[in-house]
Amino acid sequence: MSDEEHHFESKADAGASKTYPQQAGTIRKSGYIVIKARACKVVEVSTSKTGKHGHAKCHFVAIDIFNGKKLEDIVPSSHNCDVPHVNRTDYQLIDISEDGFVSLLTENGNTKDDLKLPTDESLLAQIKDGFNEGKDLVVSVMSAMGEEQICGLKDIGPK
């Protein structure tokens, strides 16, 4: 063994998986699931009884958390499904650029400039109106499977 010191630099997301396995029978309504490689929120789960050939089946109806599309999947309840790691982070809104990107202030004081304005019309109008009125706005950003999108808004008072 040598007396050299080894220094390893750790990255926050080094090798971390975008999903984790969970048994289909344990996924409940308002949980998350991956259907057709999209992160979805489960709105309905129904389980069929075991048939002649063994497995009980879970029928999931879920809505894509980023584009709002309805997706369905049927999985044997004993099999594993992919469940996305879903995170919500709040950032303070600094600026809205002409090309539809927002400038956000992170907790450690850096800026995050790679997010577009949301496609949801009412949320988009709330953000633009509040920003134009000079309010201090905090936006909630949901991230899952390498995608990020603004999903909510809080007003923390005038500047």
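Residues numbered from 1 in each chain as written. Predicted model: local features only at pLDDT ≥ 70, side-chain atom pairs only at ≥ 80, totals over all residues. Heavy atoms only, no water.

An unreviewed UniProt entry annotates the protein chain as Eukaryotic translation initiation factor 5A originating from Escallonia rubra. Under the Sequence similarities (unreviewed entry) heading, UniProt states for the protein chain: "Belongs to the eIF-5A family." (UniProt positions renumbered as here; feature names shortened; annotations may be inferred.)

Trainee: Talk me through the overall build of the protein chain; I want residue IDs and the actual numbers.
Mentor: Each helix and strand in the protein chain was counted, giving 1 helix and 11 strands. Along the protein chain, helices and strands appear, N-terminal first, in the series β-β-β-β-β-β-β-β-β-α-β-β. Residues counted as buried form 32% of the 159 residues belonging to the protein chain. Accessible surface for the protein chain amounts to roughly 10600 Å². Of this, 48% is attributable to carbon and sulfur atoms. (Helix = DSSP H or I, 4+ residues; strand = E, 2+ residues; numbered from the N terminus. Buried < 20%, exposed > 50% of the residue type's maximum accessible area, 1.4 Å probe, protein only. Areas by Shrake-Rupley, 256 points an atom, 1.4 Å probe, with all protein chains shown as cover.)

Trainee: Outline the side chain of S103, supporting the account with residue identities and numerical values.
Mentor: Relative to the helices and strands, S103 resides in strand β8 (residues 101-105). Looking at S103, the relative accessible area reads 15%, which means it is buried. Side chain to side chain, S103 and D113 meet in a polar contact 2.7 Å long. Dropping the residues within four chain positions of it, S103 is found in contact with Q92, L93, I94, D95, T111, K112 and D113. (Polar contact = N/O pair within 3.5 Å; in protein donor to acceptor, adjacent residues only side chain to side chain. Contact = heavy atoms within 4.5 Å.)

Trainee: Break down helix α1 (residues 121-132) for me, with residues and values.
Mentor: Its 12 residues give α1 an end-to-end C-alpha distance of 16 Å, which sits within 8% of 16 Å, the value for a rise of 1.5 Å per residue. Taken as a whole, α1 has its buried residues at L123, L124, I127 and G130. What you see down the axis of α1 is that its buried residues fit within an arc of 145°, all on one side. Projecting away from the buried face of α1 at angles above 90 degrees are the exposed residues E121 and N132. (Expected span 1.5 Å × (residues − 1). Arc of directions from axis to C-beta.)

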